[in-house]
Amino acid sequence: MKVVHVLNGPNLNLLGTREPSTYGTATLKDIEAALQKKAKAAKVKLVFRQTNREGELVDWIQEAGAAKAGVLLNAGAYTHTSIALHDAIRAIGVSVIEVHLSNVFARESFRHHSYISPVAKGVICGFGAASYELAFDALISHLA
Ligand code: DQA
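Residues numbered from 1 in each chain as written. Predicted model: local features only at pLDDT ≥ 70, side-chain atom pairs only at ≥ 80, totals over all residues. Heavy atoms only, no water.

Asker: Would you take a moment to explain the overall build of the protein for this structure?
Answerer: Along the backbone of the protein there are five helices and five strands. Along its sequence from the N terminus, the protein presents helices and strands in the succession β-α-α-β-α-β-α-β-β-α. Since a compact globule built from 144 residues should have a radius of gyration of about 15 Å, the 14 Å found for the protein is in line with a globular shape. With the C-alpha coordinates of the protein rotated into their principal frame, the extents come out at 40 × 30 × 25 Å. Taken across its 144 residues, the protein has 49% of its residues classed as buried. Within the protein, counting contacts between residues at least 6 apart in sequence, those at least 24 apart form 75% of the total. As displayed, the protein has an accessible area near 7100 Å², and 53% of this comes from carbon and sulfur atoms. One way to put it: in the protein the 15 positive side-chain charges average out to a point 8 Å from where the 12 negative ones average out. (Helix = DSSP H or I, 4+ residues; strand = E, 2+ residues; numbered from the N terminus. Rg over C-alpha atoms; globule rule 2.2 N^0.38 Å. Buried < 20%, exposed > 50% of the residue type's maximum accessible area, 1.4 Å probe, protein only. Contact = heavy atoms within 4.5 Å. Areas by Shrake-Rupley, 256 points an atom, 1.4 Å probe, with all protein chains shown as cover. Lys, Arg positive; Asp, Glu negative; His and termini not counted. Charge placed at Lys NZ, Arg CZ, Asp CG, Glu CD.)

Structure, rendered in structure tokens:
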């Protein structure tokens, strides 16, 4: 059975109430429920996690590598700052898709650089909660 780990970084626990004009009104629980439904239909085991801590994301990326799981990663602001996440992705031999709810390129210039993109299989951003579903479909067809 294919395994997909969906890893969420800082402040994404606040989705639903956090800047809804930028991130929409879906909560992380709503996003998880939609993905669990898709995973069930695709016979994929889905692990869905959120943390506000950079080191915990590093641990979870390493775990996904050990489990040979594909990864959807929304690293939040660590996307733009974290060499540690870049190195963790380089170190594991599994596909990682970078996900963002917002179109980071249409926002402040400090969001235009990503440490994740150069080591990701691909990037999906700008479609709100649907970014996760699009990324899931892309990962599944890539893994097939
Ligand atoms: C985000 C975009 C990041 O720039 C920001 O720091 C986030 C959320 C997104 O999903 O649009 O926390 O990753």
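Asker: What exactly am I supposed to notice about the packing of helix α3 (residues 54-66) against helix α4 (residues 83-91) here?
Answerer: Describing two packed helices takes the angle between their axes plus the distance from one axis to the other. Two elements in contact, α3 and α4, have axes separated by 9 Å at closest approach and are oriented at 5°. Classified by the angle their axes make, α3 and α4 are roughly parallel. Listed contacts from α4 to Glu54, Leu57, Val58 and Ile61 of α3 are Ala84, Leu85, Ala88 and Ile89. For the contact of α3 with α4, the residue count by class is seven nonpolar, no polar and one charged. (Axes fitted to C-alpha atoms, helices over the stretch in contact; angles between N-to-C directions. Parallel < 35°, antiparallel > 145°, perpendicular 65-115°, else oblique. Nonpolar A, V, L, I, M, F, W, Y, C, P; charged D, E, K, R; others polar.)

Asker: Is there a simple way to think about the site of the ligand in this case?
Answerer: In the region of the ligand, the neighbouring residues are Arg18, Tyr23, Asn74, Gly76, Ala77, His80, His100, Leu101, Ser102, Val104, Arg107 and Arg111. Contacts to the ligand include His80, whose side-chain N or O atom sits 2.7 Å from an oxygen atom. Between the ligand and Ser102, the relevant distance is 2.6 Å, taken from an oxygen atom to a side-chain nitrogen or oxygen of the residue. If the ligand stood free it would expose 320 Å²; the protein chains cover 99% of that surface. Looking at the shell around the ligand residue by residue, the class counts come to four nonpolar, five polar and three charged. (Near = heavy atom within 4 Å. Polar contact = N/O pair within 3.5 Å; in protein donor to acceptor, adjacent residues only side chain to side chain.)

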